[in-house]
Amino acid sequence: MEKKHRILIVEDERIAAEDLRLTLSQLGYEVAGLASSGEEALRLAELRPPDLVLMDIVLKGPLNGIGTARLLADRFRLPVVYVTAFSDADTIERIKSTHPYGYLHKPFDFKELHVVVETALVKHHADRLLAQREEWFSTTLRSIGDAVLTLDCDGRITFMNSTASRLTGWEMTDASGLPVERVFRIVSEKSGRPLENPVRKVLRDGRYAGLANHTLLIRKNGRPIPIDDSGAPIRDDRGNLLGAVLVFKEISDRRKAESEIRRLSLFPGENPNPVMRVNRSGVLLYANPSSRKLLGEWNCRVGGMAPAFVRKWIREALSTGKPRSVDARAEDVVFSLMVTPVPEEGYVNLYGNDVTVQRQVDSLQRRYIRELTLLSRATRMLTEEAPVDAVLTRFGEILREESGADYILINGLDGSGAGLQPRLWLGPKSLISRARRHFKFDPFDVTVPLREMAADRRSAYMSRRLVRLRSGIHGLSMKRLPGPACRSLEKALGIREIWIMGMVSRRRLHGSVSFLFRDRRVPQNAQLVETLVNQAAVLVQNRSEAELLAQSEKRFRRIAETAMEGIWILDHSDRTTFVNRRMARSLGYAAKEMMNRPAAEFIFSRDLPDHVRRTARRRTGRSERYERVLRAKNGSPVRMSVSATPILDAAGHFDGSFSMFLETGETPDRKRIPVRGPGPRRSERKP
């Protein structure tokens, strides 16, 4: 069963708070409590932490809504949506300083509330995930064995982990903001001369740069230590250079290991690691027994020619005269090979070391950092103002890259909502038009051409597909595609496998994403791809609801404003939420002057009891026609013919009144009734 989101309501007006509680319950949320003051809100949040807080600005007690929101964020990290009638510039600026997740201006309807609450919950979830990832990333950088320095575009230090502090002798508090040359001083081990810092090369050229061999780091206390390092640029999503990262490590132990390797090379047969010798021509001269796995992978034997990539290593090592480290894989083992040239003898020795676990850790770190970047980009897309198809196109490009698919097809619901239709195609541009033709009749799959099916069979097929997509089941087409149309598709595009995932948000299907492959394989990064598809579903749901709401409101206002009758809409508390120009002119007002004012302000006191009785009848669902004398802006009476109808919400509860007004005598079949002012009642007159 899906867990309900808990929402805390902070509102000092009891009636408004109860109405908000009822509306949230009808929308499927759980109300965590009602608070009328900031102190009470803090107490309830501590006793039973909610998922979201709806906050009014004006509250009882010394603590207002803005101060309460700031404390809730600092103490409990709770997202806040403001619900208020204030919209002046000063209030907006004070609200912005608390970084709210939404803003609702009173009055509002339940659809606006639903959209804002859902958007805030999704954004808070994404922010929390991003914060967890960033915390993980920061913890990883602080705890990994290599030293890490990050720098801005000017080459000044912005971060260093504990390993970097230990190797350089500088604390982060002292090194922050200093030029990198002050902290990371390097010299040549052979000549003792200062070397160019690799960070400067990175910032200048925007490319990866590494240290020369035999480099010493001069610590703060002046003691030199041998190091190996690399620098890489840091870029944003658009490729702009933000700074650089420098990763280095002390290689004193490696120097000892190399010395040990040289010593063991005197007795290579006893070495537990691979030891090989290749001459200048690429002929394998020697290999110890531990090299058997590598030789099997290379399909090589002693006395035979080494593979082309090994011969390339040999040529480079002999030409430079410097040793270098390369990785070589054999089955499930990764070896780091130290290619050590002996130019005077015309051969190269290769000393191996098993680094499988280390490479797996490096790969996991790179993958997590990449996933963090992608999720951060996807989160920002959810809040962009760009058209939904433009955002979906960018989502699709990310999905195509992460899944390894040759094509991505994003389907949306058709007009009936019972089927899907192609919405966006992503893939090789030269073949997209062909793909569109083949998928014109069946956006789900190509296992069976829909145009060849009977109507009843097609309907059953579509229903089964929709049920599978709604349940989140992935459709995999593992068999060769049958039928002439499918053979044509395979011939034209080479598609052999399709992987389909439904875009499901809050148990509603909003479309699907089809991943098309030319080879039969399971998509890569399936978990990340599924997360991104779910975010795309939330995007489509929020944008669709917002567009429908805007279209409906625009259509209603156009009809209401041009109506020949006066139209007046009251909410459940009898306050004006809409009035058209015709109605406002009849009473001598501008429409905005009547907004948010109680109906009682426009009725003479003697008619108020009758108004209360009729409103009570409308709360029971009754519509009626009657006549009413309203009070104009100048105090004069205006006799109107009224047709009043209750407005009910989705649960059938009273939510306000919709009334149409005609001044008495306006219609040709009705005689004008003499206007009688608010004088004494007949029963009060003297006999």
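Every value quoted in this text rests on a predicted model; they were computed, and no experiment measured them. (Residues numbered from 1 in each chain as written. Predicted model: local features only at pLDDT ≥ 70, side-chain atom pairs only at ≥ 80, totals over all residues. Heavy atoms only, no water.)

## Considering the overall build of the chain
- Scanning the chain for helices and strands turns up 21 helices and 27 strands.
- Counting every position in the chain, which comprises 687 residues, the buried fraction comes to 43%.
- Pairs at least 24 apart in sequence give 51% of the contacts found in the chain among residues at least 6 apart.
- Summing over all exposed atoms, the chain offers an accessible surface of approximately 36,900 Å²; the carbon and sulfur share of this is 51%. (Helix = DSSP H or I, 4+ residues; strand = E, 2+ residues; numbered from the N terminus. Buried < 20%, exposed > 50% of the residue type's maximum accessible area, 1.4 Å probe, protein only. Contact = heavy atoms within 4.5 Å. Areas by Shrake-Rupley, 256 points an atom, 1.4 Å probe, with all protein chains shown as cover.)

## Some details on the pattern of salt bridges
- If you walk through the whole model with that rule in mind, you get 13 salt bridges.
- R14 is the partner of E18 in a salt bridge, and the nearest nitrogen-oxygen pair spans 3.3 Å. Highlighted residues: E18 and R14, both in helix α1 (residues 14-26), separated by 4 residues, approximately one helical turn.
- Close ionic contact of R628 with D610 constitutes a salt bridge, the shortest N to O distance being 2.8 Å. (Salt bridge = Lys/Arg side-chain N within 4 Å of Asp/Glu carboxyl O.)

## Notes on the packing of helix α2 (residues 38-47) against helix α3 (residues 65-76)
- At their nearest, the axes of α2 and α3 sit 10 Å apart, and the two run at 20° to each other. It follows that α2 is roughly parallel to α3 by the angle criterion. Relative to α3, α2 is oriented so that their crossing is right-handed. Taken together, the residues of α3 that come into contact with α2 (itself represented by G38, A41, L42, A45 and E46) are T68, L71, L72, R75 and F76.
- Looking at the contact of α2 with α3 residue by residue, the class counts come to 6 nonpolar, 2 polar and 2 charged. (Axes fitted to C-alpha atoms, helices over the stretch in contact; angles between N-to-C directions. Parallel < 35°, antiparallel > 145°, perpendicular 65-115°, else oblique. Left-handed = near helix turned anticlockwise from the far one by under 90°. Nonpolar A, V, L, I, M, F, W, Y, C, P; charged D, E, K, R; others polar.)

## Thoughts on unusual backbone geometry
- Not every positive phi belongs to a glycine, and H99 is a case in point at roughly 55°.
- Looking at the element boundaries, H99 is found in the loop between α4 (89-96) and β5 (102-105).
- Looking at H99, the relative accessible area reads 64%, which means it is exposed.
- Of note, D574 is a non-glycine position whose phi angle comes to about 70°, a positive value.
- Mapped onto the elements, D574 comes out in the loop between β23 (566-571) and β24 (576-579).
- Note on D574: relative accessible area 16%, which makes it buried.

## Let's talk about the environment of N634
- Position of N634 among the secondary structure elements: in the loop between β25 (624-631) and β26 (637-648).
- The spacing of N634 and L587 is 47 residues in sequence and 8.4 Å in space, taken between C-alpha atoms.
- Only 2.7 Å separates the side chain of N634 from the side chain of S636, close enough to count as a polar contact. (Polar contact = N/O pair within 3.5 Å; in protein donor to acceptor, adjacent residues only side chain to side chain.)

## Quick word on the confidence of the model for the chain
- Summarising the model, the chain shows a mean pLDDT of 76, and 72% of its residues fall at 70 or more.
- Segment residues 466-485 is flagged for pLDDT under 50; beyond a separation of four residues in sequence, or across chains, it makes 52 contacts in the model.
- Segment residues 666-687 is flagged for pLDDT under 50; beyond a separation of four residues in sequence, or across chains, it makes 28 contacts in the model. (pLDDT = per-residue confidence, 0-100.)

## Considerations on the nonpolar core
- In this structure, L392, L399, I408, M503, V513, F515 and V533 are the most contacted members of the largest nonpolar core, which totals 25 residues.
- If you tally residues by element for this core, the top one is helix α18 (residues 526-562), at 8 residues.
- Sequence-distant contacts of I408, that is, excluding residues within four places in its chain, are made with G396, L399, R400, S403, L424, W425, L426, V513, S514 and F515. (Core = buried A, V, L, I, M, F, W, Y, C linked by side-chain atoms within 4.5 Å.)

## Remarks on helix α12 (residues 308-320)
- Its 13 residues give α12 an end-to-end C-alpha distance of 19 Å, which sits within 8% of 18 Å, the value for a rise of 1.5 Å per residue.
- Among all positions in α12, only V310, W313, I314, A317 and L318 are buried. On an axial view of α12, the arc spanned by its buried residues comes to 120°, and they lie on one face. For α12, the exposed residues set more than 90 degrees away from the buried face come down to R315, S319 and T320.
- Positive backbone phi, at 75°, marks G321, one or two positions downstream of α12. (Expected span 1.5 Å × (residues − 1). Arc of directions from axis to C-beta.)

## Thoughts on the sheet that holds β5
- With respect to topology, 5 strands assemble into an open sheet ordered β2-β1-β3-β4-β5, the strand pairing being parallel. Only two strands of the sheet have a single partner each, and these edge strands are β2 (30-35) and β5. Across the sheet, the axes of successive neighbouring strands diverge by a mean angle of 20°, strand direction being ignored.
- Pairing of strand β4 (residues 80-84) with β5 involves 4 bridges; the strand directions are parallel. Bridging from a neighbouring strand, Y82 pairs with Y103 of β5.
- In the packing of α2 onto the sheet, contacts are made with β1 (6-10) and β2, and the angle to β2 comes to roughly 145°. (Pairing = 2+ DSSP bridges.)

## Quick notes on the pairing of strand β3 (residues 52-55)
- Burial along β3 is two-sided: L52 and L54 facing one way and V53 and M55 facing the other are all buried.
- Sheet topology note: the β1/β3 ladder contains 4 bridges and is parallel. In the sheet register, I7 faces β3, and the bridge partner there is L52.
- Relative to β4, β3 runs parallel, the two being bridged by 3 bridges. The residue bridging V53 from the neighbouring strand is V80, located in β4.
- Each parallel crossover has a hand, and the one from β3 via α3 to β4 is right-handed. (Right-handed = clockwise from strand over helix to strand, strands pointing away.)

## A closer look at the environment of P107
- Within the secondary structure, P107 sits in the loop between β5 and α5 (110-143).
- Along the primary structure P107 and R575 are separated by 468 residues, whereas in three dimensions their C-alpha atoms are 9.4 Å apart.

## Focus on the packing of aromatic side chains
- According to the stated counting rule, one finds 7 aromatic pairs in the structure shown.
- When the ring of F184 is compared with that of F248, the centres are 4.9 Å apart and the planes differ by 50°; the resulting orientation is tilted. In this pair, F184 sits in the loop between α8 (180-183) and β8 (185-188) while F248 sits in strand β12 (residues 241-250), placing the two residues 64 residues apart along the sequence. In this pair, the class of F184 matches that of F248, namely buried.
- Summarising the aromatic geometry, the rings of Y589 and F602 are spaced 5.4 Å apart at their centres and angled 85° between planes, so their arrangement reads as edge-to-face. Separated by 13 residues along the polypeptide, Y589 in the loop between α19 (581-586) and α20 (591-594) and F602 in the loop between α20 and α21 (608-619) bring together distant segments of the chain. Both residues of the pair, Y589 and F602, count as buried.
- By way of ring pairs, the aromatic residues W568, Y589, F602 and F661 are connected into one cluster. (Phe/Tyr/Trp six-rings, centres within 6.5 Å; stacked < 30°, edge-to-face > 60°.)

## Examining the pairing of β24
- Pairing of β23 with β24 involves 3 bridges; the strand directions are antiparallel. Considered in β24, the bridge of I569 is made with F578.
- Where β23 hands over to β24, the hairpin turn is made up of 4 residues, of which D574 adopts a positive phi near 70°.

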